[in-house]
Amino acid sequence: MKIIAADVIVASPDRNFVTLKITTDEGITGLGDGTLNGRELAVASYLADHVVPLLIGRDPHRIEDTWQFLYRSAYWRRGPVTMAAIAAVDVALWDIKAKAAGMPLYQLLGGASRTGIMAYGHASGRDLPELFDSIRRHLEMGYRSIRVQTSVPGINAVYGVAAQPSVDGKRYDYEPAQRTALPAEEDWDTRAYLRHLPGVFEAVRGEFGPDLPLLHDGHHRMTPIQAARLGKALEPYDLFWLEDCTPAENQEALRLVRQHTTTPLAIGEVFNTVWDYQTLIREQLIDYVRSAVTHTGGITAMRKLLDYAAQYQIKSGIHGPTDISPVGMAAALHLDLAIHNFGIQEYMQHGPATNEVFRQSFTFSDGYLHPGELPGIGVDLDEEAAAKFPYQPAYLPFNRLKDGTVHDW
Ligand SMILES: O=C(O)[C@@H](O)[C@@H](O)[C@H](O)[C@H](O)CO
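What you see is a predicted model, and the numbers here were worked out from it, not measured in a lab.

### Some remarks on the site of the ligand
Argument step 1. The full set close to the ligand counts 14 residues, and Asn37, Tyr159, His219, Glu269 and Glu346 are the nearest of them.
Argument step 2. A distance of 3.3 Å separates an oxygen atom of the ligand from a polar side-chain atom of Arg147.
Argument step 3. In the environment of the ligand, an oxygen atom lies 3.2 Å from a nitrogen or oxygen atom belonging to the side chain of Tyr159.
Argument step 4. At a threshold of 2 Å from the grid points, most atoms of the ligand map onto the largest pocket.

### Focus on the sheet that holds strand β1 (residues 3-11)
Argument step 1. One open sheet holds the 3 strands; their spatial order is β1-β2-β3, and the pairing between them is antiparallel. Because the sheet does not close on itself, it has two edges, and the strands there are β1 and β3 (29-33). Neighbour-to-neighbour, the strand axes of the sheet open up by a mean angle of 20 degrees, direction not taken into account.
Argument step 2. Across 8 bridges, the pairing between β1 and strand β2 (residues 17-24) is antiparallel.

### Here's the deal with the packing of helix α3 (residues 80-101) against helix α10 (residues 298-310)
Argument step 1. Look at α3 against α10: their axes get within 6 Å of each other, and the N-to-C directions meet at 95 degrees. It follows from the interaxial angle that α3 and α10 lie roughly perpendicular. Here Ala87, Asp90, Val91 and Trp94 of α3 come into contact with α10, specifically with Gly298, Ile299 and Thr300.
Argument step 2. When grouped by side-chain class, the residues that make up the contact of α3 with α10 number 4 nonpolar, 2 polar and 1 charged.

### Concerning the pairing of strand β5 (residues 146-150)
Argument step 1. Judged by how many residues are buried, β5 sits mostly within the fold: 5 of 5 residues are covered.
Argument step 2. Judged by which residues are buried, β5 turns out to be covered on both faces: Ile146, Val148 and Thr150 on one side and Arg147 and Gln149 on the other are all buried.
Argument step 3. Taken together, the 5 bridges between strand β4 (residues 117-125) and β5 define a ladder with parallel strand orientation. By the bridge assignment for β5, Ser124 is matched with Gln149.
Argument step 4. Where the polypeptide runs from β4 across helix α5 (residues 128-141) and back to β5, its parallel neighbour, the crossover connection is right-handed.

### Here we look at the packing of aromatic side chains
Pairs of aromatic rings are described using the distance from one ring centre to the other and the angle between the two planes.
Argument step 1. Enumeration over the complete set of coordinates arrives at 16 aromatic pairs.
Argument step 2. Here the aromatic rings of Phe17 and Phe358 are separated by 5.5 Å at their centres, their planes lie at 85 degrees, and the arrangement is edge-to-face. With Phe17 in strand β2 and Phe358 in strand β13 (residues 358-360), this pair connects stretches of sequence that are 341 residues apart. This pair shows no difference in class: Phe17 is buried, exactly as Phe358 is.
Argument step 3. For the pair Trp188 and Tyr193, a centre-to-centre distance of 4.9 Å together with 55 degrees between the ring planes defines the contact as tilted. Pair check on accessibility: Trp188 and Tyr193 agree, each one buried.
Argument step 4. Among the aromatic residues, those joined into a cluster by ring pairs are Tyr120, Phe240, Trp241 and Tyr288.
Argument step 5. The ring of Trp188 has Arg221 sitting right over it, with the charged end atom 4.1 Å from the ring centre.
Argument step 6. In this structure, Arg221 is placed above the aromatic ring of Tyr193, and the distance from its NZ or CZ to the ring centre is 5.5 Å.

### Here we look at the pairing of β2
Successive side chains on a regular strand alternate, one facing one side of the sheet and the next facing the other.
Argument step 1. For β2, a buried count of 8 out of 8 residues is recorded, marking the element as mostly surrounded by other parts of the structure.
Argument step 2. Going residue by residue along β2, you find Phe17, Thr19, Lys21 and Thr23 tucked away on one face and Val18, Leu20, Ile22 and Thr24 tucked away on the opposite face as well.
Argument step 3. The antiparallel hairpin formed by β1 and β2 contains 5 residues in its connecting segment.
Argument step 4. Where β2 lies against β3, 5 bridges are found, and the strand directions are antiparallel. Bridging from a neighbouring strand, Thr23 pairs with Thr29 of β3.
Argument step 5. Taken together, β2 and the strand that follows it, β3, pair antiparallel across an intervening segment of 4 residues, in which Gly27 is found at a positive phi of about 85 degrees.

### Overview of the sheet that holds strand β6 (residues 185-187)
Argument step 1. Across the sheet, which stays open at both edges, the 3 strands sit in the order β6-β17-β18 with mixed pairing between neighbours. Of all the strands in the sheet, just β6 and β18 (406-407) have a single pairing partner and so form its edges.
Argument step 2. For β6 and strand β17 (residues 398-400), the ladder comprises 3 bridges, and the chain directions are parallel. Bridged to Asp187 within β17 is Arg400.

### With respect to the packing of helix α6 (residues 190-208) against helix α7 (residues 224-234)
Argument step 1. Packing of α6 against α7 brings their axes to within 9 Å, and their N-to-C directions diverge by 15 degrees. With respect to α7, the element α6 is oriented roughly parallel. In this structure, the crossing between α6 and α7 has a hand that is right-handed. Contact residues: Thr190, Tyr193, Leu194, Leu197, Pro198 and Phe201 in α6; Gln226, Arg229, Leu230, Ala233 and Leu234 in α7.
Argument step 2. Here the residues of the contact of α6 with α7 are counted per class, giving 8 nonpolar, 2 polar and 1 charged.

### Details of the layout of surface pockets
Argument step 1. Its boundaries defined by the atoms lining it, the largest pocket holds a volume of some 980 Å³.
Argument step 2. His220, Glu269, Val270, Leu396 and Trp409 are the residues nearest the centre of the largest pocket, which is lined by 36 residues in total.
Argument step 3. Looking at the lining of the largest pocket residue by residue, the class counts come to 16 nonpolar, 10 polar and 10 charged.

### Considering the domain arrangement of the chain
Argument step 1. Looking at the chain, the domain boundaries give domain 1 (3-104) and domain 2 (117-373).
Argument step 2. For domain 1 and domain 2, the distance between their C-alpha centres works out to 26 Å.
Argument step 3. The interface is formed by 29 residues belonging to domain 1 together with 34 residues belonging to domain 2.
Argument step 4. Here domain 1 meets domain 2 over a buried area of about 2,400 Å², counting both sides, of which 58% is carbon and sulfur.

The rules we used
Residues numbered from 1 in each chain as written. Predicted model: local features only at pLDDT ≥ 70, side-chain atom pairs only at ≥ 80, totals over all residues. Heavy atoms only, no water. Near = heavy atom within 4 Å. Polar contact = N/O pair within 3.5 Å; in protein donor to acceptor, adjacent residues only side chain to side chain. 1 Å grid on protein atoms, 1.4 Å probe; cavity = no way out; pocket = protein on both sides within 12 Å on 5 of 7 lines; lining within 4 Å. Sits in = over half its atoms within 2 Å of the grid points. Pairing = 2+ DSSP bridges. Helix = DSSP H or I, 4+ residues; strand = E, 2+ residues; numbered from the N terminus. Axes fitted to C-alpha atoms, helices over the stretch in contact; angles between N-to-C directions. Parallel < 35°, antiparallel > 145°, perpendicular 65-115°, else oblique. Contact = heavy atoms within 4.5 Å. Nonpolar A, V, L, I, M, F, W, Y, C, P; charged D, E, K, R; others polar. Buried < 20%, exposed > 50% of the residue type's maximum accessible area, 1.4 Å probe, protein only. Right-handed = clockwise from strand over helix to strand, strands pointing away. Phe/Tyr/Trp six-rings, centres within 6.5 Å; stacked < 30°, edge-to-face > 60°. Lys NZ or Arg CZ within 6 Å of the ring centre and 35° of its normal. Left-handed = near helix turned anticlockwise from the far one by under 90°. Points joined across faces, edges and corners; volume = space filled by probe spheres on them. Domains from an automatic or database assignment. Buried area = accessible area lost by both parts, 1.4 Å probe.

Right, here's the structure in full:
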C-alpha cells in the first residue's frame, strides 16, 4: 500500500480544527487531528508545507518508522506545533492500518482492557446555586465524575466558568478561545482564590455526598507553596485530582507540593513529549498524565509515555476539551480502552456544527464512553459540511494581576 495524497483541512464549525486526511492507492483513507488552540494555522502550514510532500509514496503501514523519520529528520525537536503535526500523521496511519485490518483501532493496541471508559465533565458556576445546578445537569447528562470550577469574589472572569460573560457571546467553558481580534484580558488574585475554593468544595460535598468523584483545575496559576497549601486545604473533600496546580515548565516544583499533600495531582496538558515528564514520572511526583494524543505525537508516542508511567503506578487522564477534535477524541478512546493503567478521560461534548462535520461512532452512557466497533478510529469527515465553516481567527484569553502584571491564565 502507498500514500498517494494527504490533505490538510482547516474548518471552524464551533471552533477551529485542523484535520489531516491521508489517502492510499488502495482507496483506504485515514484521519488525524492536529488542532492547537489559538495557533491552528502554524500546524496546518507545518503539515502542508513540510510534512505532506514527505508522505507521498510512503508505505502507510510503517507507522513507527514514519514517526521516527518525522521526529528525527526535522532536526528541531519537540514543541507543540511539531508534535501536533506528527500526531496528525500518526493517528491517520493507525486509522488506515485498523481499517485495512477490518478492526476497531483498540484491537490492534492489544484489545479491550475494560468494558467502558469513565469520563468526567465540566461543571461550573458563578455562585453555589449555579454550581449545584450545573453539577445536577451533568449528572442528568450521564456524567458520574465531575470537574468543579467556580468564580472567585472580587475577580471578574475566571477560567472554566461557563456562565460568565464572554466577549463574543459564546458559552465560555464550551470554547474559551474567543473569535476576537485580540486575546481577551481576564483578572486574577491567587490569595482570594485560595481563601474561597475550600469552602466551595465543602459545600459541594455537603450537597452531593462523599461518593461523587470531584476534580479541580488550577490552570497553572499557583506558586509551589501556594499549590501545597491548596492541596492540603482540599484533603478533607477527597478530590479525584487537583490539576495543573503550578506552571508546567518547572517539574521540580511538584516535589514541594508532593511533600505537603496527599491530594492526587494531575499534570501535562501542555506537554508534548515523554521528556517533559521525566522527573515527574521517575520521582513519582504526579498521579495522572494529562497529555492529549493530539499534542503528544499521537498514539505511538502516548502509548510509550503511558507504559513508562505504568511502571510507577501513574495512570492516564487524557486531555479531552472541545479543542481536541472528534478525531483526536476517538483516538484517545481507543487508547483508553486498551491500556492497563487507565485512570479517567476528560469529555466535554462538542456542539451541533462540529458533529455535523465529524460523524462519530463513539457512545456515552451512564458515565462511560466507548469508541464503538467500526474499523479504524470510527470517525468520518464530511468535507462539504467542513467547507461551510471557514477558519476564523480566535485567541485564548490571558490574565493580568491587579497591578497589571501578566499572569498564567
Ligand atoms: O483541563 C482542560 O481541559 C483545560 O485546561 C483546557 O480547557 C484548556 O484550557 C484548553 O485546552 C486550552 O485550549
